[in-house]
Amino acid sequence: MKPAAGPPTIPSLPRELRSVPLRTIAPVATLALLVFAGWLAWHRLPLQMLAALACAAPAAVATWLVHKRTAQLSSAGLLLCLSNVAGCLLAVGELGHRALPWSLLALMVNFFLVHNRIATPANLVMVAGLLAMPGVLRTPALDIQALVVIALILGFGFRFSRRLQGDRTRLELLASLDELTGLPNRRALEKTLVQEIGSARQGRFRHALVILDIDHFKDVNDHYGHTAGDNALVELAAILRLELREQDKVFRFGGEEFVILAEAGSRDALASFTERVRESVQQSLHGPGGGITISLGAAMYAGEQYWQDWFSRADAALYLAKGNGRNSVVIAEDLG
């Protein structure tokens, strides 16, 4: 099972969820501030117009950042949050109480743009600014109704944002785990390999990629049913968890294929490690028809830019191991 070559594209679920409000709100906020700047220019208020354009600038940059091929969501969210606060305070300063609804909307929106630890102080700064402006929340006494609405917005926004962030984390975890074995899945493998290649290219780590495949797995399914096959996969995952060292990581790539990302200081150390895994599985994994074995192909990291190229070398070694009669190990360097 050889993946297509080329640069990896690995979506992160929380990032994708955060990009939805940013992609929508950033251009709208930019347009609104530009329209407001035009209105100020029409009323011959040049200084205020320049201030509105200054508020629109970070929103425009945020729009650009969030629509880049590699979106910079954290920076975009921060810029847009600051633009919201400054723009609303400017609007309220010019329009008075009439602009208050826009500020209330911005208070809620900020919780969806940035983390609570940023949105909360930003919103408190906005509320303090509103309180400092005569005729907005003090007319001449405090506008209790507006303050209650602001308090409710801050409370609900903070609570809902925290809940949404927790849901994002749980969704990310579920999306990265194989349902049957509980191991990290291919999506998690791709993300991990990109990170590890970045570290390895800086010379901080030396890793090996090991692909293993259950021998004659189709026969197990055909003769004893898919339940027996699933049981074999679950038991193999348990054996691998026990055999791997703390620094190693194992993933279910798909079907009967598993992938191990192992720290290996040399080719000899890798050969010893893979042979130990093979022997352990041979001794411990059994199905209705008797013992079950695996074949393994491994490759030391050799400076590949993309994980697909590294994976292909280990996959070619696995193909050779299966061609050698299965229940064997081949290191990629043996390919010559």
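See the structure shown above.
Note that the coordinates shown come from a computational prediction; the quantities given were computed from them, not determined experimentally. (Residues numbered from 1 in each chain as written. Predicted model: local features only at pLDDT ≥ 70, side-chain atom pairs only at ≥ 80, totals over all residues. Heavy atoms only, no water.)

Enumeration according to the criterion identifies 9 salt bridges in this entry. Among the ionic pairs, Lys322 bridges to Asp215, the shortest N-O distance being 3.9 Å. On the criterion of sequence distance, the pair formed by Lys322 in helix α11 (residues 307-323) and Asp215 in the loop between β1 (207-214) and α8 (217-224) is long-range, its members being 107 residues apart. A salt bridge links Asp222 to Lys218, with the nearest nitrogen and oxygen atoms 2.7 Å apart. Placement of the pair is Asp222 and Lys218 together in helix α8, with a separation of 4 residues, close to one helical turn. (Salt bridge = Lys/Arg side-chain N within 4 Å of Asp/Glu carboxyl O. Helix = DSSP H or I, 4+ residues; strand = E, 2+ residues; numbered from the N terminus.)

The next thing to look at is the packing of aromatic side chains. According to the stated counting rule, one finds 5 aromatic pairs in the structure shown. Where Phe112 meets Phe160, the ring centres are 5.8 Å apart and the plane angle is 55°; that geometry is what we call tilted. Of the two residues, Phe112 sits in helix α4 (residues 100-113) while Phe160 sits in helix α6 (residues 144-175), which places them 48 residues apart along the sequence. Relative accessible area serves as the criterion here: at 26%, Phe112 is assigned to the partly exposed category. Under the relative-accessibility criterion, Phe160 is labelled partly exposed at 46%. Pairing Tyr301 with Trp310 gives two aromatic rings, centres 5.1 Å apart and planes at 65°, and the pair type is edge-to-face. Overall, the relative accessible area of 1% leaves Trp310 in the buried class. One residue, Arg245, lies across the ring of Phe273, its end atom 4.7 Å from the ring centre. (Phe/Tyr/Trp six-rings, centres within 6.5 Å; stacked < 30°, edge-to-face > 60°. Buried < 20%, exposed > 50% of the residue type's maximum accessible area, 1.4 Å probe, protein only. Lys NZ or Arg CZ within 6 Å of the ring centre and 35° of its normal.)

With respect to the helices and strands, Thr274 occurs in helix α10 (residues 267-284). Given a relative accessible area of 1%, Thr274 falls into the buried group. Side-chain polar atoms of Thr274 contact the backbone oxygen of Ala271, separated by 3.1 Å. Ignoring any residue separated from it by four or fewer positions in sequence, one finds Thr274 in contact with Val210, Leu296, Ala298, Val329 and Ile331. (Polar contact = N/O pair within 3.5 Å; in protein donor to acceptor, adjacent residues only side chain to side chain. Contact = heavy atoms within 4.5 Å.)

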